[in-house]
Every structure is written in C-alpha cells, then in structure tokens.
Amino acid sequence: MTTGPRFDLPEIDDFTRPFWDAAADGRLLIRRCRACGRAHHYPREFCPYCWSEDVDWERASGRATLYTWSVVHRNDLPPFGARVPYTAAVVDLVEGPRMMTEIVQCPRSGLSIGMALEVTFRREDGEQEDGKREDCEQEDAERAVPVFRPA
C-alpha cells in the first residue's frame, strides 16, 4: 500500500495543463519563442533566451538523442524504490531543447551517447495500490509522463 505523497506525479496548474493534456493524448509539447525563434523546455511563460513573453506551445517530433544517463540503484521516495534500478537521462530533442527524462525498454548495456530515441509515455492513473484515488481533480486522474526508448 502506498503511504504518504508520491513524488513521480506532476502538479498540474492552468499554465502547464496543455503540456499534460497533450501527454495524456500521446503528444509531447515544447515552447517556442516567436520573437527569437528558439525552442525551450521545461515550459515557461517567457523565453529563457531573449526574455520575450511571446511564446507558444508547439508539438515536438518526439525524436531525441541521448546526451547522458545514470542508473539509479537506490531511491527512497515513493514509488521510485519499487522501480530501481532505473535509468535517469538527459536527452537532446531534435527541436533543440535538452530534457531530463527516463530511458525505458532498453538494457543498460544497450545505452550509448548519441543514440537515437523516441518518446513514449508512462501512464499514471492516480490510483494507489489500495485502489483509492489520490486527492486530485477528476480530470487530473490519468496522467502521462514522457519517457524515452530506443528509436
């Protein structure tokens, strides 16, 4: 039975809702500045390069290359302890932004810097092991977190 807070589920607010709604539909979104043209991730209400507030959501291709990774063998935060070992990674999206994520469906021996990756989504239904719903709005009950696998 899960006790206490979970540290793997996003906190969805009005600003990030488009990102999480798209993820639930199997789409990865990034932000692009209309002033300087650069894309960025994590979602912000302004461009981290030129500080313009003229930024919009854009669908990313879902393609990336592996920049670096680390295999996590111990994590005491729920529910990560049940997932160890897992591969935490940083990937370079083809659109330009660098993104922290997890590599799935790949043995550690198969990882290499620069390998081609594609996005997939870990579905989180908001249910605890005892079948009770977490305290969240009904529309937030199913969440999907972008992770990457070999292309």
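Structure: see above.
Rules of the game
Residues numbered from 1 in each chain as written. Predicted model: local features only at pLDDT ≥ 70, side-chain atom pairs only at ≥ 80, totals over all residues. Heavy atoms only, no water. Salt bridge = Lys/Arg side-chain N within 4 Å of Asp/Glu carboxyl O. Helix = DSSP H or I, 4+ residues; strand = E, 2+ residues; numbered from the N terminus. Buried < 20%, exposed > 50% of the residue type's maximum accessible area, 1.4 Å probe, protein only. Pairing = 2+ DSSP bridges. Patch = residues over 30% accessible without salt bridge, like charges linked within 9 Å, V, L, I, M, F, W, Y side chains within 5 Å. Areas by Shrake-Rupley, 256 points an atom, 1.4 Å probe, with all protein chains shown as cover. Lys, Arg positive; Asp, Glu negative; His and termini not counted. Charge placed at Lys NZ, Arg CZ, Asp CG, Glu CD. Polar contact = N/O pair within 3.5 Å; in protein donor to acceptor, adjacent residues only side chain to side chain. Contact = heavy atoms within 4.5 Å. Core = buried A, V, L, I, M, F, W, Y, C linked by side-chain atoms within 4.5 Å.

S.K.: When you look at the pattern of salt bridges in this model, what are you seeing that I'm missing?
M.R.: Side chains carrying opposite charge are able to pair once their charged atoms draw close together. For the structure on display, the rule yields eight salt bridges. In this structure, R27 engages D25 in a salt bridge whose closest nitrogen and oxygen atoms are separated by 3.6 Å. The salt bridge partner of D54 is R34, with a shortest N-O separation of 2.8 Å. Here the residue D54 occupies a position in the loop between β2 (39-40) and β3 (55-59), and R34 occupies one in the loop between β1 (29-33) and β2, the gap between them amounting to 20 residues. Classification of D54 by relative accessible area gives partly exposed; the value is 34%. Three or more residues are tied together by salt bridges with common partners; here these are R34, D54 and D56.

S.K.: How should the pairing of strand β7 (residues 116-124) be read in this particular structure?
M.R.: Regular strands place their side chains on alternate faces of the sheet. One ladder, built from three bridges, connects strand β4 (residues 63-72) with β7; its direction is antiparallel. For A64, the partnering residue across the bridge sits in β7 and is L117.

S.K.: Any chance you could explain a negative patch on the surface here in plain terms?
M.R.: A contiguous patch of negative charge on the surface is contributed by E11, D13, D14, E45 and E53. Inspection of the secondary structure assignment puts D13 in the segment before α1 (17-24).

S.K.: What exactly am I supposed to notice about the side chain of N75 here?
M.R.: Looking at where N75 falls in the secondary structure, it is placed in the loop between β4 and β5 (86-93). Among the residues examined, N75 registers a relative accessible area of 19% and is labelled buried. Only 2.8 Å separates the side chain of N75 from the side chain of Y86, close enough to count as a polar contact. The contact partners of N75, leaving out residues within four places of it in the chain, are F80, G81, V84 and Y86.

S.K.: Even after reading the chapter, I still don't get the nonpolar core, so can you show me in this structure?
M.R.: Soluble globular proteins: nonpolar side chains tend toward being buried together. Counting 26 residues, the largest nonpolar core has L28, L66, V91, L93, I103, L117 and F148 as its most contacted members. Taken together, the elements giving at least two residues each to this core come down to α1, β1, β4, β5, β6 (98-103), β7 and β8 (143-150). If one sorts the elements of this core by residue count, α1 sits on top with four residues. Setting aside anything within four residues of it in sequence, one finds L66 in contact with A89, V90, V91, I103, L111, S112, I113, G114, M115 and L117.

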